[in-house]
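Examination of the molecular architecture
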Amino acid sequence: MTMIRSLSASAGALLLVLSVTPAQAAPAAPVKNVVLVHGAFADGSGWRGVYDILKTDGFNVSIVQHPTLSLAGDVAATKDVVDAQGGPVVLVGHSYGGAVITEAGTNPNVAALVYITAFAPDKGESVNSLSASPPPGTPAPPILPPKNGFLSLDKAKFPAAFAGDVDPKTAAFMADSQIPWGLDAVGGQITQPAWKSKPSWYLQVADDKMIPLPAQQAMSKRAGSTIVEVPGSHAIFVSNPKAVAAIIEKAASGVK
């Protein structure tokens, strides 16, 4: 009987301990809101392939149709879309869109940044200043002289420089439908880089002729980004949407 009482008391003590021991915290759920920001000379329709994959995988996806007139205006348009999500957001930028998310990413709703072969400027830098000294031996993008305050790409050279791995008909359409890039956007300076306070991922694209790989490597290293490298052109979001969606999903599940 004494042994039974002892066992009963021990069992009771164990149940008491279990009842007051806090449950182990469940792992954080992946962020489900994704906001996509296009770069220069293109618009948000180029994200269609990435959008379709993310939507199929259960993400809420929004696309910013900013006009690339000025960095301040494009940042404001992006923040409006981020605010509308009502929860944590993975903010994604391609090319010049990287400068936009660097400035807009300080928004408290932004949980992570994803750069798709994009500019990641530091405080006081702009796309213009980052492009002023290209790595030795890299090709110069076929940007035409400014006209009425805007830049454009040589249409004949656009496919090879911007979309070398995109099917020729689509690349030709992209060249003919390009959006002029405002000088106020090119020269807009970053005031507070979000990558200094937010986790970032960076998709390096080995064959990019608009932002050379060495420049991508330098910016992603400085930002402390988690890096993935793939072959492809500057238009990787069109030619390989699976690779782009994959790194976005990694960021969504990797935010702590």
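Below, the structure is looked at part by part.

Rules used in this analysis
Residues numbered from 1 in each chain as written. Predicted model: local features only at pLDDT ≥ 70, side-chain atom pairs only at ≥ 80, totals over all residues. Heavy atoms only, no water. Helix = DSSP H or I, 4+ residues; strand = E, 2+ residues; numbered from the N terminus. Contact = heavy atoms within 4.5 Å. Pairing = 2+ DSSP bridges. Axes fitted to C-alpha atoms, helices over the stretch in contact; angles between N-to-C directions. Parallel < 35°, antiparallel > 145°, perpendicular 65-115°, else oblique. Left-handed = near helix turned anticlockwise from the far one by under 90°. Expected span 1.5 Å × (residues − 1). Buried < 20%, exposed > 50% of the residue type's maximum accessible area, 1.4 Å probe, protein only. Phe/Tyr/Trp six-rings, centres within 6.5 Å; stacked < 30°, edge-to-face > 60°. Polar contact = N/O pair within 3.5 Å; in protein donor to acceptor, adjacent residues only side chain to side chain. Arc of directions from axis to C-beta.

Secondary-structure assignment places Ile 190 in the loop between helix H8 (183–186) and strand E7 (200–205). Along the sequence, Ile 190 and Val 127 sit 63 residues apart, while their C-alpha atoms lie 9.5 Å from each other. Apart from residues lying up to four places away in sequence, Ile 190 is in contact with Leu 71, Ala 99, Thr 102, Glu 103, Pro 121, Asp 122, Lys 123, Gly 124 and Glu 125.

Taken together, the 6 strands give an open sheet; going across it, the order is E2-E1-E3-E4-E7-E8, and neighbouring strands pair in parallel fashion. At either margin of the open sheet sits one strand with a lone partner, and together these are strand E2 (60–64) and strand E8 (226–230). Taken pair by pair, the neighbouring strands of this sheet meet at an average axis angle of 20 degrees, ignoring direction. Bridge count between strand E1 (residues 33–37) and strand E3 (residues 89–94): 5 bridges; the pairing is parallel.

Helix H4 (residues 97–104) packs onto helix H3 (residues 71–84) with a crossing angle of 65 degrees between their chain directions and a minimal axis gap of 9 Å. By the angle class used here, H3 and H4 are roughly perpendicular. In this structure, H3 meets H4 at a crossing whose hand is right-handed. Side by side, H3 and H4 meet where Leu 71, Asp 74, Val 75, Thr 78 and Lys 79 of the first sit next to Ala 99, Val 100, Glu 103 and Ala 104 of the second.

So, about helix H11 (residues 241–254). With 14 residues, H11 should reach 20 Å at 1.5 Å per residue; the first-to-last C-alpha distance of 20 Å fits that figure. Every buried residue belonging to H11 is among Pro 241, Ala 243, Val 244, Ala 245, Ile 247, Ile 248, Ala 251 and Ala 252, and all of these are buried.

Moving on, we come to the packing of aromatic side chains. Taken as a whole and assessed by the stated rule, the structure comprises 5 aromatic pairs. For the ring pair Trp 47 and Phe 237, a centre distance of 5.5 Å and an interplane angle of 45 degrees mean the geometry is tilted. Pair noted here: Trp 47 is in the loop between E1 and helix H2 (48–56) and Phe 237 is in helix H10 (residues 236–239), with a separation of 190 residues, a long-range link. The same class applies to Trp 47 and to Phe 237, which are both buried.

Glancing now at the side chain of Gln 216. Position of Gln 216 among the secondary structure elements: in helix H9 (residues 213–223). A distance of 3.3 Å separates the side chain of Gln 216 from the side chain of Thr 117, its partner in a polar contact. Discounting chain neighbours no more than four positions away, the residues touching Gln 216 are Thr 117, Tyr 202, Leu 203, Gln 204, Val 205, Asp 208 and Ile 211.

Further remarks concern H9. When H9 is considered as a whole, its buried residues turn out to be Leu 213, Gln 216, Met 219, Ser 220 and Ala 223. Projected down its long axis, H9 shows its buried positions confined to an angular sector of 130 degrees, all on one face. Tucked into the core, H9 has its buried residues touching helix H5 (127–131), E7 and E8. Looking at the residues trailing H9, positive phi occurs at Gly 224, about 70 degrees.

To continue, consider unusual backbone geometry. In this structure, Phe 41 takes a positive phi of about 70 degrees despite not being glycine. Summarising the element assignment, Phe 41 is placed in the loop between E1 and H2. Its identity is not glycine, yet Ser 95 carries a phi of approximately 55 degrees, on the positive side. In this structure, Ser 95 sits in the loop between E3 and H4. The class of Ser 95 is buried, set by a relative accessible area of 6%.

Read these as geometric descriptors, not functional statements.
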